[in-house]
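# Notes for the structure review
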Amino acid sequence: MMTGSEYIESIKCLNMNIYCMGEKINSAVNHPLLQPSLNSVKATYDLAFDPNYQELMVTTSHLTGHKINRFTSLHQSCDDLIKKVKMQRLLGQKTASCFQRCVGMDAINAVYSTAYDIDAKKGTSYLDNFKKFVIMCQDNDLTVDGAMTDPKGDRSLSPHQQSDPDLYLHIVKRCTDGVIVRGAKMHQTGACNSHEILVMPTISMKEQDKAYAICFAVPTDSEGITMIIGRQSCDTRKLEENSIDTGNCKYGGVEALIIFNDVFVPNERIFMNGETEYAGLLVERFAGYHRQSYGGCKVGVGDVLIGASALAAESNGVEKSSHIKDKLIEMTHLNETLYSCGIACSCEGHKTCSGVYNINTLLANVCKQNVTRFPYEIARLAQDISGGLMVTTPYAQELNNPITEPYIKKYLSATSAFSVEDRIKIIRLIENLTLGSAAVGYLTESMHGAGSPQAQRIMISKHGNLESKKNMAKSIANINS
Ligand code: SF4
Ligand code: FE
């Protein structure tokens, strides 16, 4: 396994083609806007060496018997699925942000069982290819970006019907030793902090979409790949070094638009090639794992927000007020409900034919559906408790100005238990999580990440088994028709 510092060095060695704030950069390392996101991924490496967290962070590869970071593992039991959620809650607590490494973990588990199924039916050898890829990721402790979301263009049209064929990533040329692909993947969490990109189709496909039913992996610095970093709310605060206005002084998340401009994929890195009937299954499996993930990571961030809200109340001297206590209880209730869903869909998981364990699809979708709502209510309550000062506190620089500093210290003081500076730090953290750059991960990603709310409702409808419920009612009511 790599240490956190070794991980940073390994990213430094890659020659990525990244555009950030209108300029080309070669690496996320040392760029002040991207540093917090790199720190978050680094935490997934550092914690694996912390003796307190070995059970959650480290496991054994069933492919090699080697000790590996859980983020590169293929789940071998329901206990593995549970530990995954606990690990994600832990990382959420430690970083209060999106730590970006789960998409790759969820993708390798989804692709593994799907490659197995395709081989079993079609006599292909995708699983052999994929096993080699996974072993390479495990033994080198790599971070993988799981890339699913295509731009999709006109949503009423299928991939092959789009006026611009590149709006879904597709094969543009077939060679004897591989294929050449073109297109893009959007909203790619942690792409610029990853070693590899594992590309999957984004929707169910029909026979005519054959060129679009492609699953493969390439290094992030492959020729033809360009990443364009997404702008986040209040992101330039990250450029204010050591400023208390950043809220989260060390960690953050990042997303990118990835362009694949005629990228060559060798045959041994292809895990699906034209099997359109399996595209939907792969999407369902990946989405299911990632919807489970949110019952861990968002809960960990919620823990930090609840803690910050309690501190804000204490700094104001209102912690004993019954309505404050009740709001903190409500926040905890909502947060633990999300965790319960994450644990439940793991406990109710099952072994797929490939041997890899999958989550309970219905419960994972219920989990994510709740995640599209509860963090918003938790954030509302946090803003209620923190008060209007959260959005009117003067700039951090005023604390360095001899004219304004005494006024700030005098008029922003509350209880003696908290310095004015600490009081500001707490409300800036709440601001960061509910309005600032971390709100991308805690709120909007809770809404749209791993699929927007309607995608879960479709799955809840599909797996809710309404017919059996109707039969239960008929039986109780003694209806025989
Ligand atoms: Fe992991 Fe959560 Fe970020 Fe997805 S949103 S990569 S599950 S931390
Ligand atoms: Fe996500």
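Values in this document were obtained by computation on a predicted structure and should not be read as measured data.

## Comments concerning the sheet that holds strand S6 (residues 170-175)
- With mixed pairing, the six strands of this open sheet are ordered in space as S2-S1-S10-S11-S7-S6. Edge positions in the sheet fall to strand S2 (23-25) and S6, since each of these pairs with one other strand and no more. Geometrically, the sheet is characterised by an average inter-axis angle of 20 degrees between neighbouring strands, direction not taken into account.
- Taken together, the five bridges between strand S10 (residues 225-229) and strand S11 (residues 255-266) define a ladder with antiparallel strand orientation. Paired with Ile225 across the strands is Phe260, a residue of S11.

## What to know about the sheet that holds strand S9 (residues 214-219)
- If you trace the four strands from one edge of the open sheet to the other, you get S5-S8-S9-S12, paired in mixed fashion. Among the strands making up the open sheet, the edge pair consists of strand S5 (144-147) and strand S12 (270-273). Ignoring strand direction, the axes of neighbouring strands in this sheet form an average angle of 20 degrees.
- As paired strands, strand S8 (residues 196-199) and S9 are joined by four bridges and run antiparallel to one another. Its bridge partner being in S9, Val199 is matched across the sheet by Phe216.
- Taken strand by strand, helix H6 (residues 126-140) contacts S5, S8, S9 and S12, and its axis lies near 145 degrees from that of S12.

## Focus on the nonpolar core
- Phe130, Phe133, Leu198, Phe216 and Phe260 are the most contacted members of the largest nonpolar core, which totals 79 residues.
- The element that contributes the greatest number of residues to this core is helix H5 (residues 102-122), accounting for eight residues.
- If you look at the next biggest cluster of nonpolar residues, it comprises 54 residues, including Ala43, Met57, Leu90 and Ile430.

Criteria and thresholds
Residues numbered from 1 in each chain as written. Chains lettered and ligands numbered in written order. Predicted model: local features only at pLDDT ≥ 70, side-chain atom pairs only at ≥ 80, totals over all residues. Heavy atoms only, no water. Pairing = 2+ DSSP bridges. Helix = DSSP H or I, 4+ residues; strand = E, 2+ residues; numbered from the N terminus. Axes fitted to C-alpha atoms, helices over the stretch in contact; angles between N-to-C directions. Contact = heavy atoms within 4.5 Å. Core = buried A, V, L, I, M, F, W, Y, C linked by side-chain atoms within 4.5 Å. Buried < 20%, exposed > 50% of the residue type's maximum accessible area, 1.4 Å probe, protein only.

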